[in-house]
Amino acid sequence: MPLMSLIAYSKEEFLSRKISSLDELEGIEGMVIWLNVIGDGKVLSQMVPHRNVIRALTRSRERARVFVFPDYIFLLLHQVYETDSGLKRERIGLLLKGNIVVTIQESERDVFDPVRARIREGEGRIRERGADYLLFELLEAIVENYVPIIERISSKMETLEAEILSRETEEVLRRIHWLRREILFMRRTVFPLLEAFRRLELEGKDFFDDETRRCIDELHQHVLEVLEILEGQRELANSLVELYYSILSTKTNEIIRILTVVSTIFIPLTFITGLYGMNFRYMPELTWRYGYPASLLAMLAIAVGMLTYFRKKGWI
């Protein structure tokens, strides 16, 4: 059995209670009704006759969609939450039919508490407006909830950029890839809203008064801005990966350069030790009293000379 809560209001009146049946909506007149349903969305079948609406609500992979019919509008969107294991997305259905707005959600957690508070306290003009404006307020709450999540992603990216410059560990790279997945997750959530709002403005305009239509158009523009921010974040995440590998490549090249210098210095030294290690019978230096220290001094002079030359060339 789904959990259902009712909020009904007008400019002068406010009513809030739990209900167990849609029959309890009867008798409420002259007020905007907001019915919130948690759990089984099949209760919606008692209010709308179209089975494809119910099907869309129950499909787990359904994208954001808008259904416009002569007497009602149904929207399927997604709420996004931050959890310990990452971002989580939940479907939410919104129905506008006459003076009734119905929200159907998967769990008790939602983003509508600010809207409930404004209705309860009579803040702003929401108690003076109709059900169409309530639908706009709920849509705005869903979209606005994306903003702090995106801001936290930006903050994490700034932190990661500083860490890359100080230490390029595999853990940093793993966190960059995790952020890229979160950005793509948010983009897949937000992008379908463009088509949903376009249809809402074109096909569902008769359900809204002029002021609410302007509000929805502004919200549409806000969705575009959010999407542009996500595109910028995606490009920045790709840049962070490139920066990571660039710094890693630079340090690898530095190590190779040092090893190359060491190897180059040891080439003539190895030649000298190899030459006098042949132990031919007639090698005058082998019987010379100062042959050993002279060879050491020669090798030391060669090494110092090569190091000095490399430093002047700027190779070390």
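Just so it is clear, the model here is predicted, and its values are computed rather than measured.

**Student:** So, the sheet that holds strand β2 (residues 14-19): which residues are in play, and what are the values?
**Tutor:** Overall, mixed pairing links the 7 strands, which are arranged β2-β1-β3-β7-β6-β5-β4 in an open sheet. The open sheet has two edge strands, β2 and β4 (65-68), and neither has a second partner. Pairwise comparison of adjacent strand axes, ignoring direction, gives a mean angle of 20° for this sheet. Bridge count between strand β5 (residues 73-83) and strand β6 (residues 86-97): 11 bridges; the pairing is antiparallel. Residue pairing for β6: His-78 is matched across the bridge by Arg-91. Against the sheet, helix α1 (residues 51-58) engages β4, β5, β6 and β7 (100-105), with an angle of about 5° to β5. Along the sheet, helix α2 (residues 113-121) contacts β1 (3-9), β2 and β3 (32-38); its crossing angle with β3, the most-contacted strand, is approximately 145°.

**Student:** Which residues make up the packing of helix α5 (residues 210-275) against helix α7 (residues 291-313), and what are the values?
**Tutor:** Running from amino to carboxyl end, α5 crosses α7 at an angle of 155°, the nearest separation of the two axes being 10 Å. Relative to α7, α5 is oriented roughly antiparallel. Classified by chirality, the crossing of α7 by α5 is right-handed. Contacts from Val-261, Thr-264, Ile-265, Pro-268, Leu-269, Ile-272 and Thr-273 in α5 reach Met-299, Ile-302, Ala-303, Met-306, Leu-307 and Phe-310 in α7. When its residues are assigned to classes, the contact of α5 with α7 shows 11 nonpolar, 2 polar and no charged.

**Student:** A description of the packing of aromatic side chains should follow, citing residues and the corresponding values.
**Tutor:** Scanning all chains against the criterion turns up 5 aromatic pairs. The interplanar angle of 75° and the centroid separation of 5.9 Å between the aromatic rings of Trp-34 and Phe-112 together place this pair among those described as edge-to-face. Here Trp-34, found in strand β3, pairs with Phe-112, found in the loop between β7 and α2; they are 78 residues apart in sequence, far enough to count as distant. Taking relative accessible area as the criterion, Trp-34 reaches 2% and is therefore assigned buried.

**Student:** Explain the layout of surface pockets residue by residue, including any values.
**Tutor:** Think of a ball as big as a water molecule: rolled over the atoms, this probe shows where empty space is left. Taken as a whole, the second largest pocket spans an internal volume of roughly 230 Å³. For the second largest pocket, the full set of lining residues is Ile-272, Thr-273, Tyr-276, Glu-285, Leu-286, Trp-288, Gly-291, Tyr-292, Ala-294, Ser-295 and Met-299. Among the elements of the structure, α5, α6 (284-287) and α7 are those that each provide at least two residues to the lining of the second largest pocket. The element that contributes the greatest number of residues to the lining of the second largest pocket is α7, accounting for 5 residues.

**Student:** Can you explain the pattern of salt bridges? Please cite residues and give values.
**Tutor:** One side chain can pair with another of opposite charge once the charged atoms of both are near each other. Taken as a whole and assessed by the stated rule, the structure comprises 17 salt bridges. Between Arg-152 and Glu-82 there is a salt bridge whose closest N-O contact spans 2.3 Å. A residue pair is termed long-range when its members are at least 10 positions apart, and Arg-152 in helix α3 (residues 131-166) and Glu-82 in strand β5 qualify at 70 residues. The exposure class of Glu-82 is partly exposed, given its relative accessible area of 26%.

**Student:** I'd like to hear about the pairing of β5, residue by residue, with values.
**Tutor:** Within β5, 9 of the 11 residues are buried, leaving the element largely enclosed by the surrounding structure. The hairpin formed by β5 and β6 contains 2 residues between the paired strands.

**Student:** I'd like a description of the pairing of β7, backed by residues and values.
**Tutor:** In terms of burial, β7 is largely enclosed, as 6 of its 6 residues are buried. Relative to β7, β3 runs parallel, the two being bridged by 6 bridges. Its bridge partner lying in β7, Ile-33 is registered against Ile-100. Two elements, β6 and β7, share 6 bridges in a ladder whose sense is antiparallel. In the strand pairing of β7, Leu-94 is matched with Thr-103. Taken together, β6 and the strand that follows it, β7, pair antiparallel across an intervening segment of 2 residues, in which Gly-98 is found at a positive phi of about 65°.

**Student:** Talk me through a nonpolar patch on the surface; I want residue IDs and the actual numbers.
**Tutor:** Taken together, the side chains of Phe-271, Leu-275, Tyr-276, Met-278 and Leu-286 make up a nonpolar region of the molecular surface, amounting to roughly 450 Å² of accessible area. Within the secondary structure, Leu-275 is located in helix α5. Classification of Leu-275 by relative accessible area gives partly exposed; the value is 31%.

**Student:** I'd like a rundown of α7, residues and numbers included.
**Tutor:** Taking 1.5 Å of rise per residue, 23 residues should cover 33 Å, and α7 covers 33 Å from first to last C-alpha, within 8% of that figure. Of the residues making up α7, those classed as buried are Gly-291, Met-299, Ala-303, Met-306 and Phe-310. Packed against the buried residues of α7 are α5 and α6. Of the residues one or two after α7, Gly-314 is the one with positive phi, at around 80°.

Rules of the game
Residues numbered from 1 in each chain as written. Predicted model: local features only at pLDDT ≥ 70, side-chain atom pairs only at ≥ 80, totals over all residues. Heavy atoms only, no water. Pairing = 2+ DSSP bridges. Helix = DSSP H or I, 4+ residues; strand = E, 2+ residues; numbered from the N terminus. Axes fitted to C-alpha atoms, helices over the stretch in contact; angles between N-to-C directions. Contact = heavy atoms within 4.5 Å. Parallel < 35°, antiparallel > 145°, perpendicular 65-115°, else oblique. Left-handed = near helix turned anticlockwise from the far one by under 90°. Nonpolar A, V, L, I, M, F, W, Y, C, P; charged D, E, K, R; others polar. Phe/Tyr/Trp six-rings, centres within 6.5 Å; stacked < 30°, edge-to-face > 60°. Buried < 20%, exposed > 50% of the residue type's maximum accessible area, 1.4 Å probe, protein only. 1 Å grid on protein atoms, 1.4 Å probe; cavity = no way out; pocket = protein on both sides within 12 Å on 5 of 7 lines; lining within 4 Å. Points joined across faces, edges and corners; volume = space filled by probe spheres on them. Salt bridge = Lys/Arg side-chain N within 4 Å of Asp/Glu carboxyl O. Patch = residues over 30% accessible without salt bridge, like charges linked within 9 Å, V, L, I, M, F, W, Y side chains within 5 Å. Areas by Shrake-Rupley, 256 points an atom, 1.4 Å probe, with all protein chains shown as cover. Expected span 1.5 Å × (residues − 1).

So, to be careful, I would describe these as geometric facts and stop short of saying anything about function.
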